[in-house]
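Spelled out from the first residue to the last, the chains are:
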Amino acid sequence: MNSNFYKILQQSKANQSIIAIYNDAGGDNFWAGYILDFNEEYFTMQHISKYGHKDGILMEPFSKINRIDVDDYCKCLNYLKEHYHELDEEKKIQLTATSEENWMTQILNELNDETDYVTRIQLNNDSRFSGFIRNVTEDDFELKCIGSEGTDEGSLYFQIDDISSIRVNDLEARRRHLLYNYRRSIDFFNE
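About the thresholds
Residues numbered from 1 in each chain as written. Predicted model: local features only at pLDDT ≥ 70, side-chain atom pairs only at ≥ 80, totals over all residues. Heavy atoms only, no water. Salt bridge = Lys/Arg side-chain N within 4 Å of Asp/Glu carboxyl O. Helix = DSSP H or I, 4+ residues; strand = E, 2+ residues; numbered from the N terminus. Buried < 20%, exposed > 50% of the residue type's maximum accessible area, 1.4 Å probe, protein only. Pairing = 2+ DSSP bridges. Phe/Tyr/Trp six-rings, centres within 6.5 Å; stacked < 30°, edge-to-face > 60°. Expected span 1.5 Å × (residues − 1).

(A) Representation of the pattern of salt bridges. Tallied over the full model, the rule gives 12 salt bridges. In this structure, the salt-bridge partner of Asp-37 is Lys-13, at a minimum N-O distance of 2.9 Å. Taken together, the positions of Asp-37 in strand β2 (residues 30–38) and Lys-13 in helix α1 (residues 4–15) put the pair 24 residues apart, joining distant regions of the chain. Judged by its relative accessible area of 41%, Asp-37 is partly exposed. Between Glu-60 and Lys-64 there is a salt bridge, and its shortest N-O distance comes to 3.1 Å. For Glu-60, a relative accessible area of 16% gives the class buried. Using a relative accessible area of 37% as the deciding quantity, one classes Lys-64 as partly exposed. Sharing partners across several salt bridges, the network here consists of Lys-50, Glu-172 and Arg-176.

And the structure:
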């Protein structure tokens, strides 16, 4: 075996570096993790969950490899693999429960300009967005959106009345926050 696939698998095995192995021509199904061993017939991979936790071992035929990615997602997953314990540590957050009619505005005001954690909102029981709450008014607010891989996706503005749910600092929010801070701490694309 003297191919790029072989070199990537060997590097993943040697360094426990995350790769994504796609097993379909459409490019939707993939496994992410690092290679434990391989030969011309099959490979074994330590699967890593999107939260950086070990998630079992895969044994698959080498012939199932359609494509291998070593991309932005893999770089983020490598970081999460090394810092998964930080995701498990949930900061204590105290929000005030009130019986006032405008309780949603009160909660948003408590979250306003808070960057120690990410807030996730659901609108009209449908769309979900994550980020930092800013510029709360009586009727609306700004959300500095944080993407699933910690990317700064700009600001969106929403009506407070459209909110159907608020989640603060849950596991997905902590994942986004950790990756957001990681991206800001380095020159992400040159590391």
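From this point, the discussion proceeds with the structure in view.
(B) Looking closely at the pairing of β2. Alignment of strand β1 (residues 19–22) against β2, held across 4 bridges, turns out to be antiparallel. Across the sheet, the residue bridging to Ala-20 is Ala-32, located in β2. Of the pairings in the sheet, the one linking β2 to strand β3 (residues 42–48) comprises 5 bridges and is antiparallel in character. Following the sheet pairing, Tyr-34 is matched in β3 by Gln-46.

(C) Region of interest: the packing of aromatic side chains. For the coordinates displayed, the defined rule picks out 8 aromatic pairs. Centre to centre, the rings of Phe-129 and Phe-158 are 5.0 Å apart; their planes meet at 45 degrees, and the pair counts as tilted. Of this pair, Phe-129 sits in strand β7 (residues 127–134) while Phe-158 sits in strand β9 (residues 152–159), placing them 29 residues apart in sequence. Among the aromatic residues, those joined into a ring-pair cluster are Tyr-22, Phe-30 and Tyr-73.

(D) Structural view of α1. Between its first and last C-alpha atoms α1 spans 16 Å; for 12 residues at 1.5 Å apiece the expected length is 16 Å, and the two agree. Just beyond α1, the residue with positive phi is Gln-16, at close to 50 degrees.

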